[in-house]
Amino acid sequence: MERRTIGAAALEVGAVGLGCMPMSWAYTSSEQLGERSLRAVHAALDAGSTLLDTADMYGPFTNELLLGRALKERRPEAFVSTKAGLLVGDQHIVANGRPGYVKRACDASLRRLQTDVIDLYQLHRADPEVPVEETWGAMAELVSAGKVRALGLCAVGARAGRRSGADLHEQTIRQLERVQQVFPVSAVEAELSVWSPEALERLLPWCEARGIGFLAAMPLGNGFLTGTLTPGQGFEADDVRARHPRFTAEMMAANQPVVAGLRRIAERHGPGTTPACVALAWVLRQGRHVVPLPGTKRPRWAAENATAAVLELTARDLSEIAALPPARGSWD
């Protein structure tokens, strides 16, 4: 697989990564089968998808433990990205950016992942009660201690920006400008997909201009862009899509033209090319610093997603994607 570099440290990863969250958190808990998820990690590594993205809150903790089982066998092949800064309680999630906590969280993640170094350590969310510079400074000390190779920041949710009419990623960029004064940011993780392209407006160019890698979260639109979901099929109660406005039966039906357009393009490229591959190839075309992180818990889809790295979209393909109707329904 094509290799891409992340940040000033020029950390190399496969062009398509693997989002590990669905294996343990937020999606269809009845299908979160540990052994099958473990095979999905191995399938991704076999295909060259070396960037494995997780977080201590996924589970919580169980996602890192699962990944650690694979890393125990194949650590030299993998690029490990995990996150800290969010605590999961009963019916709530809170931020904790206290320096002492972040350092303890890192040590705990290292144990669960069965590794002596984390390639990319990301701040999941800034703590409103702790200056972000203090949190970032503690994370920088982890780099100096040899426990972490590089630092990243997850984008703040865009809901506040939508309400105020401000740039959707204005708050994230303000945070980035502050922490850059403390220690270099190697990567930013934020949503980017055919039906959620907002990062193209400002955040993606901001990263590109500074040599910062961009990790595209939810590049398959929480599964919608794969074309495998049926309007009205329903979701389990603990599945995030059960509460998302874009996943009501009405909105899923209204957004079918987006999937239909991706499917037409896939069919032109021949057997084996899927709407998911087209959607991921589009994300890859947004810049050499962009690495999509499609999430899956199935080996077949992990291998299929990796093939997007060799799919060459034509000018006609890109023009048709640009002409797709905007997604219906609020994302927040």
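Our structure is the block above this text.
Residues numbered from 1 in each chain as written. Predicted model: local features only at pLDDT ≥ 70, side-chain atom pairs only at ≥ 80, totals over all residues. Heavy atoms only, no water.

## Topic: the pairing of strand E10 (residues 187-191)
- Burial analysis of E10 places 5 of its 5 residues in the buried class, which makes it a mostly covered element.
- Neither face of E10 is exposed, since Ala 187, Glu 189 and Glu 191 on one face and Val 188 and Ala 190 on the opposite face are all buried.
- Direction of pairing for strand E9 (residues 148-154) relative to E10: parallel, over a ladder of 3 bridges. Residue pairing in the sheet places Gly 152 in a bridge with Ala 187 of E10.
- In terms of strand pairing, E10 meets strand E11 (residues 213-217) through 5 bridges, oriented parallel. Directly across from Val 188, in E11, lies its bridge partner Phe 214.
- Viewed along the sheet, the connection from E10 through helix H7 (residues 203-209) into E11 turns out right-handed. (Buried < 20%, exposed > 50% of the residue type's maximum accessible area, 1.4 Å probe, protein only. Helix = DSSP H or I, 4+ residues; strand = E, 2+ residues; numbered from the N terminus. Pairing = 2+ DSSP bridges. Right-handed = clockwise from strand over helix to strand, strands pointing away.)

## Side note on the pairing of strand E7 (residues 92-95)
- As judged from the 4 bridges shared by strand E6 (residues 86-89) and E7, these two strands associate in the antiparallel manner. When the sheet's bridge partners are listed, Leu 86 is paired in E7 with Ala 95.
- As consecutive antiparallel partners, E6 and E7 are separated by 2 residues, and within that stretch Gln 91 has a phi angle of approximately 65°, a positive value.

## Re the side chain of Ser 193
- Topologically, Ser 193 is positioned in the loop between E10 and H7.
- In this structure Ser 193 touches Met 218, Pro 219, Gly 221, Leu 225, Trp 282 and Val 283, once residues within four positions along its chain are discounted. (Contact = heavy atoms within 4.5 Å.)

## Concerning helix H11 (residues 299-306)
- The set of residues buried in H11 consists of Ala 302, Glu 304, Asn 305 and Ala 306.
- The secondary structure elements touched by the buried residues of H11 are helix H1 (34-46) and helix H10 (275-284).

## What to know about the layout of surface pockets
- Of the voids in this model, the second largest pocket is the one considered here, and its volume is about 190 Å³.
- Taken together, Val 194, Trp 195, Pro 197, Val 258, Trp 282, Ile 321, Ala 322, Leu 324, Pro 325, Pro 326 and Ala 327 make up the lining of the second largest pocket.
- Classifying every residue of the lining of the second largest pocket gives 11 nonpolar, no polar and no charged. (1 Å grid on protein atoms, 1.4 Å probe; cavity = no way out; pocket = protein on both sides within 12 Å on 5 of 7 lines; lining within 4 Å. Points joined across faces, edges and corners; volume = space filled by probe spheres on them. Nonpolar A, V, L, I, M, F, W, Y, C, P; charged D, E, K, R; others polar.)

## Quick look at the state of the cysteines
- Counted by the stated rule, this structure contains 0 disulfides.
- There is no disulfide at Cys 20, and the cysteine sulfur nearest it, in Cys 154, is 14 Å away.
- Residue Cys 106 stays outside any disulfide, its sulfur separated by 15 Å from that of Cys 154, the closest cysteine. (Disulfide = S-S within 2.5 Å.)

## Thoughts on the nonpolar core
- One finds Leu 52, Tyr 121, Val 194, Leu 203, Phe 214 and Ile 321 to be the most contacted residues of the largest nonpolar core, which totals 84 residues.
- Among the elements that take part in this core, H10 stands out by supplying 9 residues, more than any other.
- Excluding its chain neighbours within four sequence positions, the residues that come into contact with Leu 203 are Ala 155, His 169, Thr 172, Ile 173, Leu 176, Val 188, Ala 190 and Phe 214.
- One finds Leu 11, Val 13, Leu 120 and Leu 293 within the second-largest nonpolar core, a separate group that totals 11 residues. (Core = buried A, V, L, I, M, F, W, Y, C linked by side-chain atoms within 4.5 Å.)

## Re the sheet that holds strand E5 (residues 79-84)
- Pairing is parallel in the open sheet, where 8 strands are placed in the order E3-E4-E5-E8-E9-E10-E11-E12. A strand with exactly one partner marks an edge of an open sheet, and here the two such strands are strand E3 (18-19) and strand E12 (290-293).
- Across the face of the sheet, H10 comes into contact with E11 and E12 while running at roughly 150° to E12. (Axes fitted to C-alpha atoms, helices over the stretch in contact; angles between N-to-C directions.)

## Digging into the pattern of salt bridges
- In this structure the tally under the stated criterion is 21 salt bridges.
- Between Arg 4 and Glu 2 there is a salt bridge; the shortest N-O distance is 2.9 Å.
- For Arg 4, a relative accessible area of 5% translates into the label buried.
- Using a relative accessible area of 26% as the deciding quantity, one classes Glu 2 as partly exposed.
- Taken together, the salt bridges that share partners define one network made up of Arg 268, Arg 316, Asp 317 and Glu 320. (Salt bridge = Lys/Arg side-chain N within 4 Å of Asp/Glu carboxyl O.)

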